[in-house]
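A closer look at the structure
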Amino acid sequence: MKSGRVAGLLLAAGQGARLGTPKALVEYAGERLVDRGVRLLEAGGCHPVVVVLGAATVQVRGAVTVRNPDWATGMGSSLRVGLAALPEEAESVVVALVDQPLIRPGAVRALIGSGAGLAVAIYGGRRRNPVLIAREHFAGVAELAVGDVGARPFMKAHPELVTEVPCDEHGDPADIDTPGDLRLLEPQ
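Everything in this summary refers to the structure shown in the same document. (Residues numbered from 1 in each chain as written. Predicted model: local features only at pLDDT ≥ 70, side-chain atom pairs only at ≥ 80, totals over all residues. Heavy atoms only, no water.)

**Quick look at the overall build of the protein chain**
When helices and strands are counted, the protein chain shows 6 helices and 9 strands. By the compact-globule yardstick of 16 Å for 188 residues, the protein chain fits well, its C-alpha radius of gyration being 15 Å. The burial tally for the protein chain puts 51% of its 188 residues in the buried class. Here the contacts in the protein chain between residues at least 6 apart in sequence split such that 70% fall between residues at least 24 apart. Of the accessible surface of the protein chain, which amounts to about 8,800 Å², a share of 51% is contributed by carbon and sulfur atoms. Charged side chains of the protein chain number 19 positive and 21 negative; the gap between the two group centres comes to 2 Å. (Helix = DSSP H or I, 4+ residues; strand = E, 2+ residues; numbered from the N terminus. Rg over C-alpha atoms; globule rule 2.2 N^0.38 Å. Buried < 20%, exposed > 50% of the residue type's maximum accessible area, 1.4 Å probe, protein only. Contact = heavy atoms within 4.5 Å. Areas by Shrake-Rupley, 256 points an atom, 1.4 Å probe, with all protein chains shown as cover. Lys, Arg positive; Asp, Glu negative; His and termini not counted. Charge placed at Lys NZ, Arg CZ, Asp CG, Glu CD.)

In structure tokens, the structure reads:
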């Protein structure tokens, strides 16, 4: 794939049931997770950045926000809403999740720099987020993104298209699902 305009998409619609509050509102190291996610994508080279909200409606500087009215059905509907909201000039998108505050911009840059049309960050030998999706795959990804899954079913159905990008040096994909997770990840 040629290097073109890469948008960023931050999925931040969930209610954070096990956490007790929507993850977009949670503060980590003095910054809301939603703001940290936008900064990750911008610093990684994405423009514009689109944030999908749902359980909470918040103002997010430096990003376009869209609301997923079906946020309670899971991540799949948020990914579909986000892909549909991207500007036509975006040739690809890097999709990140709001609850992974330890991922650094180098992971986003590595995905973009791979030149792939479908790329996934690899940490410790395992596929995690973020992922890069070229526009040519948007419809296929959206079709298979149902329930609480995103691009994984499309990647599983088309392994020949997937480029794995090692990202161990670009952070940690640990996510925040519970108050205990937040305490464990908080900087000391």
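**With respect to the pattern of salt bridges**
Taken as a whole and judged by the stated rule, the model has 8 salt bridges. The salt bridge partner of aspartate 35 is arginine 32, with a shortest N-O separation of 2.7 Å. Using a relative accessible area of 22% as the deciding quantity, one classes aspartate 35 as partly exposed. For arginine 32, a relative accessible area of 21% puts it in the partly exposed group. (Salt bridge = Lys/Arg side-chain N within 4 Å of Asp/Glu carboxyl O.)

**So, the sheet that holds strand β7 (residues 118-123)**
In spatial order, the strands read β5-β4-β1-β6-β8-β7-β9; together these 7 strands make up an open sheet with mixed pairing. For this open sheet the edge positions go to β5 (64-67) and β9 (163-166), each flanked by a neighbour on one side alone. Taken over all neighbouring pairs, the strand axes of this sheet differ in orientation by 25° on average, direction set aside. Strand direction decides the pairing type here: strand β4 (residues 49-53) and β5, joined by 4 bridges, are parallel. Among the inter-strand pairings, leucine 53 is bridged to a residue of β5, identified as arginine 67. Along the sheet, helix α1 (residues 33-43) makes contact with β1 (6-12), β4 and β6 (92-97), crossing β1 at roughly 160°. Its contacts with the sheet place helix α2 (residues 75-85) against β1, β4, β5 and β6, and it is angled at close to 150° to β1. (Pairing = 2+ DSSP bridges. Axes fitted to C-alpha atoms, helices over the stretch in contact; angles between N-to-C directions.)

**Considering the nonpolar core**
Grouped together as the largest cluster of nonpolar side chains are 37 residues, with contacts concentrated most on Leu10, Val34, Leu41, Val51 and Val94. Secondary-structure elements contributing two or more residues to this core are β1, α1, β4, β6, α3 (105-113), β7 and α6 (179-185). Apart from the residues lying within four places of it in its own chain, the contact partners of valine 34 are Leu10, Ala12, Ala24, Val51, Val58, Val60 and Val98. Core analysis: the second largest hydrophobic core is formed by 26 residues, Ala13, Val52, Leu86 and Val131 among them. (Core = buried A, V, L, I, M, F, W, Y, C linked by side-chain atoms within 4.5 Å.)

**A closer look at the packing of α1 against α3**
Axis separation between α1 and α3 bottoms out at 7 Å; the angle between their running directions is 45°. Here α1 lies oblique to α3, going by the angle between them. In this structure, the crossing between α1 and α3 has a hand that is right-handed. Contacts between α1 and α3 pair Leu40, Leu41 and Ala43 from the former with Pro105, Val108 and Arg109 from the latter. Looking at the contact of α1 with α3 residue by residue, the classes come out as 5 nonpolar, no polar and 1 charged. (Parallel < 35°, antiparallel > 145°, perpendicular 65-115°, else oblique. Left-handed = near helix turned anticlockwise from the far one by under 90°. Nonpolar A, V, L, I, M, F, W, Y, C, P; charged D, E, K, R; others polar.)

**Focus: α3**
All of the buried residues in α3 are Gly106, Ala107, Val108 and Leu111. Buried residues belonging to α3 abut α1, β6, β7, β8 (126-134) and β9. Count one or two residues on from α3 and you reach glycine 115, which has phi positive near 70°.

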